[in-house]
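Single-letter residue listing:
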There are 2 protein chains.
Amino acid sequence: MAGRVSEAVIRRLPGYYRHLCELETAGVTQISSQELGKRMQLTPSQIRQDINCFGGFGRQGYGYRVPELKAHIGDILGLNKAHRVIIIGAGNIGSAVAQYPDFARGGFKTVALFDVSAEKIGVQVGNIPVRGMDELEDFLRTTDVDIAVLATPASCAQETLNRLCDSGIRAVWNFAPVDLRHPEGVAVVNVHLSDSLQILSYKMLHHDNGEPEENA
Amino acid sequence: MAGRVSEAVIRRLPGYYRHLCELETAGVTQISSQELGKRMQLTPSQIRQDINCFGGFGRQGYGYRVPELKAHIGDILGLNKAHRVIIIGAGNIGSAVAQYPDFARGGFKTVALFDVSAEKIGVQVGNIPVRGMDELEDFLRTTDVDIAVLATPASCAQETLNRLCDSGIRAVWNFAPVDLRHPEGVAVVNVHLSDSLQILSYKMLHHDNGEPEENA
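Residues numbered from 1 in each chain as written. Chains lettered and ligands numbered in written order. Predicted model: local features only at pLDDT ≥ 70, side-chain atom pairs only at ≥ 80, totals over all residues. Heavy atoms only, no water.

Some remarks on the interface of chain B and chain A
1) Next: Taken together, the contact between chain B and chain A spans 74 residues of the former and 74 residues of the latter.
2) Next: Contact between chain B and chain A buries roughly 7100 Å² in total, counting both sides, with carbon and sulfur atoms accounting for 57%.
3) Next: When the area that chain B buries against chain A is broken down by residue, the three leading residues are B:Leu197, B:Leu200 and B:Tyr202, summing to 9%.
4) Next: There are 6 salt bridges connecting chain B and chain A.
5) Next: Here A:Asp195 makes a salt bridge to B:Arg18, at a shortest N to O gap of 2.8 Å.
6) Next: Where chain B touches chain A, the interface holds 22 residue pairs in polar contact (both at pLDDT 80 or more).
7) Next: Put simply, the parts of the chain that give the side of chain B that touches chain A at least two residues each are helix 1 (7-25), helix 2 (33-40), helix 4 (66-76), helix 5 (92-98), helix 6 (101-105), strand 8 (171-174), strand 9 (187-190) and helix 9 (193-205) of chain B.
8) Next: Considering every element that reaches the side of chain B that touches chain A, the biggest residue donor is helix 9 of chain B, with 13 residues. (Contact = heavy atoms within 4.5 Å. Buried area = accessible area lost by both parts, 1.4 Å probe. Salt bridge = Lys/Arg side-chain N within 4 Å of Asp/Glu carboxyl O. Polar contact = N/O pair within 3.5 Å; in protein donor to acceptor, adjacent residues only side chain to side chain. Helix = DSSP H or I, 4+ residues; strand = E, 2+ residues; numbered from the N terminus.)

Rendered as structure tokens:
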């Protein structure tokens, strides 16, 4: 890709990947920007602009080859390699993430859960034992981990993030309802569930259902 | 509010609300656009522009009164009333949502869960019994419900959404990994967890940690 891709395009990439996977499963090998746009609720020109950002696939009048475009977008998203994931916080959210079948299918493998609660330590969540937080640094010293999921209460999220970064973690998926400070070189993506629900409340109140909502 | 507020501003509203709640709890009564911007990782001029969209609070040189601005943004988000919520799908995600303490604190009250699985029907999830999907329409005819959470597999999400809309539901919080078609007048907000995780994978791969990530 030439240059920095805008945040808006990056946010649409997984949607492209998801729709192209569905099309491939349905046996569709070729698709026009019109058809893909209709499916994704985007204009054909938006589709062409987005796809041009990644190197200009497709030919005028022929559209896009589904398997190639899917593979290319998968590469851009880094989905051609497996990711090893740990989850901090074995509460409802952490446990749901650990057991979400789509992640394992997508190459995201949970290798450990951690918690501070004595009742949770040693319990199995979807075949993965919950470890104590005091084991975190040792575990990270001896095990390859790509991504940490933060599913702690807000009150200890920043301190936990600092420990993760100090141990070399460079990607954090944060479910704690707080905006975290993180060092340069660490990628943080937030899933702020309460914020999302409040946006729904806003849209319901103001009858705003014009635009398709962005993803988490 | 005058005119239609942009999607980007709407997406930032819950962040304002969250930070103003934290400030109020910390006993802060007044805050400048500089200080609020620093906290929220936005520029002071962005803060002033956003807040002007909601009617122009604050005075030059004095900043914003925290309790007033918080109450005003809460009103805009519709948080001054309680919302009654049902959850379709009592799997890991649906159960986690049902038991998420922040929602109940924020005025979102889960009144029922529904599932198709015989093993789940009748089970209690956080004190709420799981009902069979065949009870859905009767339940909605006799009970006030504001929001439906869709936590079904992708394969039956569209059909479930159609049933909800036919029964008068006007707000859907969708966790199924699929883009849904919905009638005019129905607000749908998606939490596409796999998409969010893929964005993290992208950012890790491309060392893109420039912008604070949007909420779910």
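Quick look at the pattern of salt bridges
1) Next: Throughout the structure, instances matching the rule amount to 24 salt bridges over all chains.
2) Next: In this structure, B:Arg12 and B:Asp50 form a salt bridge, with 2.7 Å as the shortest nitrogen-oxygen distance. With B:Arg12 in helix 1 and B:Asp50 in helix 3 (residues 44-53), the pair connects residues that are 38 residues apart, well separated along the chain. As far as burial versus exposure is concerned, B:Arg12 and B:Asp50 are alike and both buried.
3) Next: Across the pair B:Arg141 and B:Asp138 runs a salt bridge, and its minimum N-O distance is 2.4 Å. One end of the pair is B:Arg141 and the other is B:Asp138, both in helix 7 (residues 136-142) and 3 residues apart, which spans about a single turn.
4) Next: Looking at B:Arg141, the relative accessible area reads 63%, which means it is exposed.
5) Next: Residue classification places B:Asp138 among the partly exposed residues on the basis of a relative accessible area of 48%.
6) Next: One continuous salt-bridge network, built from bridges that share partners, spans A:Arg18, B:Asp179 and B:Asp195. (Buried < 20%, exposed > 50% of the residue type's maximum accessible area, 1.4 Å probe, protein only.)

Concerning the relation of the copies chain B and chain A
In this structure, two copies of a chain are linked by a rotation about an axis accompanied by a shift along it.
1) Next: Mapping chain B onto chain A calls for a rotation angle of 180 degrees and an axial translation of 0.0 Å; the resulting RMSD is 0.0 Å. Here the transformation between the copies is reduced to the relation of a two-fold axis.
2) Next: The fraction of interface residues of chain B whose copies in chain A are also interface residues reaches 100%, indicating that both copies meet through the same surface. (Least-squares fit on C-alpha atoms with pLDDT ≥ 70 in both.)

Here's the deal with the environment of B:Ala176
Residue and element names in this part refer to chain B.
1) Next: Looking at where alanine 176 falls in the secondary structure, it is placed in the loop between strand 8 and strand 9.
2) Next: Remark: the alpha-carbon pair of alanine 176 and valine 116, spanning 60 residues in sequence, is separated by 16 Å.
3) Next: Setting aside residues no more than four positions away along its own chain, alanine 176 makes contact with Leu150, Thr152, Pro153, Ala154, Ala157 and His192.

Observations regarding helix 9 (residues 193-205) of chain A
All names here are of chain A.
1) Next: Here helix 9 spans 19 Å end to end across 13 residues, near enough to the 18 Å set by a 1.5 Å rise per residue.
2) Next: Of all 13 residues in helix 9, 12 are buried, a share of seventy percent or more.
3) Next: For helix 9, the set of buried residues is Leu193, Ser194, Asp195, Ser196, Leu197, Gln198, Ile199, Leu200, Ser201, Tyr202, Lys203 and Met204.
4) Next: Just beyond helix 9, the residue with positive phi is histidine 207, at close to 50 degrees. (Expected span 1.5 Å × (residues − 1).)

Describing the pairing of strand 6 (residues 128-132) of chain B
Residue and element names in this part refer to chain B.
1) Next: Summarising the sheet, strand 4 (residues 108-115) and strand 6 pair through 3 bridges and their orientation is parallel. Residue pairing in the sheet places leucine 113 in a bridge with valine 130 of strand 6.
2) Next: Note: strand 5 (residues 124-125) against strand 6, 2 bridges, orientation antiparallel. Looking across to strand 6, one finds that valine 125 is bridged to isoleucine 128. (Pairing = 2+ DSSP bridges.)

What to know about the packing of aromatic side chains
Residues and elements named next belong to chain A.
1) Next: Tallying each qualifying case throughout the model produces 8 aromatic pairs over all chains.
2) Next: Ring geometry for phenylalanine 103 versus tryptophan 173: centroids 5.4 Å apart, planes at 80 degrees, classification edge-to-face. Linking phenylalanine 103 in helix 6 (residues 101-105) with tryptophan 173 in strand 8 (residues 171-174), this pair joins segments that are 70 residues apart in sequence. For the pair shown, phenylalanine 103 and tryptophan 173 are each scored as buried. (Phe/Tyr/Trp six-rings, centres within 6.5 Å; stacked < 30°, edge-to-face > 60°.)

Section: the side chain of B:Asp115
1) Next: Tracing the sequence through the fold places B:Asp115 in strand 4.
2) Next: If we skip the residues at most four places from it in the chain, B:Asp115 touches B:Gly89, B:Ala90, B:Gly91, B:Lys120, B:Ile121, B:Val130, B:Arg131, B:Gly132 and B:Met133.

A short note on unusual backbone geometry
1) Next: Phi at A:Asn127 takes a positive value of approximately 75 degrees, unusual for a residue other than glycine.
2) Next: Its location among the elements puts A:Asn127 in the loop between strand 5 (124-125) and strand 6 (128-132).

Focus: the sheet that holds strand 8 of chain A
1) Next: In space, the 7 strands of this open sheet follow the order 5-6-4-3-7-8-9 (chain A), with mixed pairing throughout. The open sheet has two edge strands with one neighbour each: strand 5 and strand 9 (187-190) of chain A.
2) Next: Packing of helix 8 (residues 154-166) of chain A onto the sheet brings it into contact with strand 3 (83-88), strand 7 (147-150), strand 8 and strand 9 of chain A, and relative to strand 7 of chain A it is tilted by some 170 degrees.
3) Next: Helix-sheet contacts for helix 9 of chain B involve strand 3, strand 4 (108-115), strand 7, strand 8 and strand 9 of chain A, and the interaxial angle to strand 9 of chain A is about 165 degrees. (Axes fitted to C-alpha atoms, helices over the stretch in contact; angles between N-to-C directions.)

A closer look at the packing of helix 2 of chain B against helix 3 of chain B
All names here are of chain B.
1) Next: Running from N to C, helix 2 and helix 3 cross one another at 105 degrees; their axes reach a closest spacing of 8 Å. Between helix 2 and helix 3, the interaxial angle falls into the category roughly perpendicular. Where helix 2 approaches helix 3, its residues Ser33, Gln34, Leu36, Gly37 and Met40 are matched on the opposing element by Pro44, Ile47, Arg48 and Ile51.
2) Next: A per-class count over the contact of helix 2 with helix 3 returns 5 nonpolar, 3 polar and 1 charged. (Parallel < 35°, antiparallel > 145°, perpendicular 65-115°, else oblique. Nonpolar A, V, L, I, M, F, W, Y, C, P; charged D, E, K, R; others polar.)

Interpretation note: all reported values are geometric properties and have no functional meaning in isolation.
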